[in-house]
Amino acid sequence: MAEVTLVEVAPRDGIQNETTILDRATKQALIGRLVASGLRRIEVTSFVNPKRVPQMAGAAELITALRADPAITAAKPSLSALALNLRGAREAIAVGVDEVTFVVVASETFNQRNQGVAIAETLAQWREVRAAAREAGCMTSLTIAAAFGCPFEGEVDPGRPAAIAAELAASDALPDEIALADTIGVAAPGDVTTRFALLRETAPELPLRAHFHNTRNTGLANAATAIASGVTALDASVGGFGGCPFAPAATGNVPSEDLTYMLQRMGYLGAIDLDALIATGNWLGERLGKQPPALLGRAGTFPGNLGKAA
């Protein structure tokens, strides 16, 4: 059975919509706890305008501090950052990220709200970001946001994500990995099966990733369906925190604790310390001043350590 990679997004997507601003030391401590729990792929920040997303201020300084942290350096996690334009990507590359993540939205209205330009312009920017990242030896991951539904336009054509991938393939601009994001948590398992099947037809060799929000409590079901559809990386946020500043009523990501429990029980996920993740979700909730949405933050692991990998 192939192992699935859990991509931890709490330091970026998990806190970006919170009103309590975390300082750099707290962010670094959060990432350190995630690394200590066994996570090895973490989206640590985004290089966006801090006036629009105040939680992401000081992105370069954070990564510099992480690179100087002996415990984090010894564990050798892959640190990624979101960039929405070439300037942001170059800043991320300059401070030593391992991965550059880029976003294009499946709907024109949301893309304008999120990035301030049309989809065509975003894809043109992506080609520049991809070239810069490849020249620097950084992995590239492209997320198609609102791939299952848009808060402004409603339903999204199931073939829309595949059409975007086909446009990139035609111009030799595919990323190293492509993700579909259910930004507002409207997807059900059948939607996941359909969209990833169409995407696989368009780019049969490209590694697939999924990013689900748990707005309507379908996140775990969608994650299991994504694995059955050939997805090999799943995003999650410790505590279940998360949301998009530009998507009305968007709520939290699939909790890392709950997803880890499910994947370990299914045999897809290896040595991640579930108890440490639960403790970290509660720790983050205390600093944000709110109860973590993660169920395991309240229920704990299954008796006899059956919630952990053998």
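Residue numbers here run from 1 along each chain, matching the order of that chain's written sequence. Totals for whole chains, interfaces and linings use every residue, but because this is a predicted model, local features are given only for residues with pLDDT of at least 70 and side-chain atom pairs only at 80 or more, for both listing and counting. Think of the side-chain values as coming from all heavy atoms in the structure, minus any hydrogens and water.

Structural notes on the overall build of the protein
- The helix and strand labels rest on DSSP assignments: H or I over at least four residues marks a helix, E over at least two residues marks a strand, and numbering proceeds from the N terminus. Across its full length, the protein holds 13 helices and eight strands.
- Our radius of gyration looks at C-alpha atoms and nothing else; its globule reference is 2.2 Å times the residue count to the power 0.38. In summary, the protein has a C-alpha radius of gyration of 18 Å against a globular reference of 19 Å for 310 residues, a match within 12%.
- Overall, the C-alpha framework of the protein stretches about 50 × 40 × 35 Å when taken along its three principal axes.
- A burial count over the protein gives 55% of its 310 residues as buried.
- It only takes one pair of heavy atoms within 4.5 Å for two residues to be counted as in contact. The long-range fraction of contacts in the protein, counting pairs at least 24 apart against all pairs at least 6 apart in sequence, stands at 72%.
- Of the side-chain charges in the protein, 26 are positive and 32 negative, and the distance between the mean point of each set is 4 Å. Here the term buried applies to any residue with accessible area under 20% of the maximum for its type, exposed to any over 50%, and partly exposed to those in between, with areas from a 1.4 Å probe on protein chains only. In this tally, Asp and Glu contribute negative charge and Lys and Arg positive charge; neither His nor the terminal groups of the chain are included. Note that the charge is assigned to NZ on lysines, CZ on arginines, CG on aspartates and CD on glutamates.

Overview of the packing of helix 2 (residues 24–36) against helix 12 (residues 274–288)
- Axis geometry follows a simple rule: fit a line to the C-alpha atoms, using only the stretch in contact for helices, then measure angles between N-to-C directions, giving values from 0 to 180 degrees. Closest axis-to-axis distance for the helix 2/helix 12 pair is 10 Å, and the angle between their directions is 165°. Relative to helix 12, the element helix 2 lies roughly antiparallel. Considering the relative orientation of helix 2 and helix 12, their crossing is left-handed. Where helix 2 approaches helix 12, its residues Thr-26, Ala-29, Leu-30, Arg-33 and Leu-34 are matched on the opposing element by Leu-277, Ala-279, Thr-280, Trp-283, Leu-284 and Arg-287.
- Amino acids outside the nonpolar list (Ala, Val, Leu, Ile, Met, Phe, Trp, Tyr, Cys, Pro) and the charged list (Asp, Glu, Lys, Arg) are all regarded as polar, and Gly is one of them. Broken down by class, the residue content of the contact of helix 2 with helix 12 amounts to seven nonpolar, two polar and two charged. Between 65 and 115 degrees an angle is taken as roughly perpendicular, under 35 as roughly parallel, over 145 as roughly antiparallel, and anywhere else as oblique. By definition, any crossing whose near helix is turned counterclockwise from its far helix by less than a right angle is left-handed, and any crossing with a clockwise turn is right-handed.

A word on the layout of surface pockets
- Only protein atoms enter the 1 Å grid, on which a cavity is a set of points fitting a 1.4 Å probe that cannot get out and a pocket is an open set with protein on both sides within 12 Å along at least 5 of 7 lines, lining residues being those with an atom within 4 Å of a point. Grid points are joined across faces, edges and corners, and a volume is the space filled by probe spheres set on the points. Roughly 740 Å³ of internal volume is contained in the largest pocket.
- In terms of lining residues, the largest pocket is bounded by 42 residues, among which Ser-46, Val-48, Leu-82, Leu-84 and Asn-114 are the most central.
- Among the secondary structure elements, those contributing two or more residues to the lining of the largest pocket are helix 1 (10–14), strand 2 (41–47), helix 3 (59–67), helix 5 (86–94), strand 4 (99–105), helix 6 (108–115), strand 5 (139–145) and strand 7 (208–212).
- The residue inventory of the lining of the largest pocket, partitioned by class, reads 18 nonpolar, 15 polar and nine charged.
- Size it by volume and the second largest pocket reaches roughly 220 Å³.
- Taken together, 15 residues form the lining of the second largest pocket, with Asn-214, Asn-217, Pro-255, Asp-258 and Leu-295 sitting closest to its centre.
- Put simply, the parts of the chain that give the lining of the second largest pocket at least two residues each are helix 10 (219–228) and helix 11 (256–266).
- Split into classes, the residues belonging to the lining of the second largest pocket amount to six nonpolar, eight polar and one charged.

A closer look at the packing of helix 5 against helix 7 (residues 119–136)
- Here helix 5 crosses helix 7 at 15°, and the two axes come no closer than 9 Å. In terms of orientation, helix 5 lies roughly parallel with respect to helix 7. Judged by the sense of rotation from one axis to the other, the crossing of helix 5 with helix 7 is right-handed. Taking contact as the criterion, the partners of Leu-86, Ala-89 and Ile-93 in helix 5 are, on helix 7, Glu-128, Val-129, Ala-132, Ala-133 and Ala-136.

Observations concerning the side chain of Thr-101
- Mapped onto the elements, Thr-101 comes out in strand 4.
- For Thr-101, a relative accessible area of 2% puts it in the buried group.
- Here Thr-101 is in contact with Glu-43, Ser-80, Ala-81, Leu-82, Ala-83, Ser-141, Thr-143 and Arg-209, once residues within four sequence places are set aside.

Notes on the side chain of Glu-99
- Relative to the helices and strands, Glu-99 is located in strand 4.
- With a relative accessible area of 2%, Glu-99 lands in the buried category.
- Any pair of nitrogen or oxygen atoms within 3.5 Å is treated as a polar contact; in protein, a donor-acceptor pairing is required on top of that, and neighbouring residues in sequence qualify only through side-chain atoms on both sides. In terms of polar contacts, Glu-99 uses its side chain to reach the side chain of Arg-41, at 3.0 Å.
- Discounting chain neighbours no more than four positions away, the residues touching Glu-99 are Arg-41, Ser-78, Leu-79, Ser-80, Ala-81 and Met-139.

Overview of the pattern of salt bridges
- Counted as salt bridges are all cases of a side-chain nitrogen of Lys or Arg within 4 Å of a carboxyl oxygen of Asp or Glu. If you walk through the whole model with that rule in mind, you get eleven salt bridges.
- Where Arg-12 meets Asp-13, a salt bridge forms, and the shortest distance between an N and an O atom there is 3.8 Å. This pair shows no difference in class: Arg-12 is buried, exactly as Asp-13 is.
- A salt bridge links Arg-127 to Glu-167; the shortest N-O distance between them is 3.9 Å. Of this pair, Arg-127 sits in helix 7 while Glu-167 sits in helix 8 (residues 160–170), and the two are 40 residues apart along the sequence.
- The class for Arg-127 is partly exposed, based on a relative accessible area of 29%.

So, the packing of aromatic side chains
- Only the six-membered ring of Trp is used, alongside the rings of Phe and Tyr, when aromatic pairs are assigned; centres must lie within 6.5 Å, and planes under 30 degrees apart are stacked while those over 60 apart are edge-to-face, with the rest tilted. If you walk through the whole model with that rule in mind, you get three aromatic pairs.
- A centroid spacing of 5.6 Å and a plane angle of 45° characterise the contact between Phe-102 and Trp-126, whose relative ring orientation is tilted. In this pair, Phe-102 is assigned in strand 4 and Trp-126 in helix 7, connecting sequence segments 24 residues apart. Across the pair, exposure class does not vary: Phe-102 and Trp-126 are buried alike.
- The interplanar angle of 50° and the centroid separation of 6.2 Å between the aromatic rings of Phe-148 and Phe-212 together place this pair among those described as tilted. With a gap of 64 residues between them, Phe-148 in the loop between strand 5 and helix 8 and Phe-212 in strand 7 connect regions that are remote in the sequence. The two residues Phe-148 and Phe-212 agree in class, both being buried.
- Put simply, a charge is over a ring when the Lys NZ or the Arg CZ is close to the ring centre, within 6 Å, and near the line of the ring normal, within 35 degrees. The cationic tip of Arg-113 hangs over the ring face of Phe-152; the distance from NZ or CZ to the ring centre is 4.2 Å.

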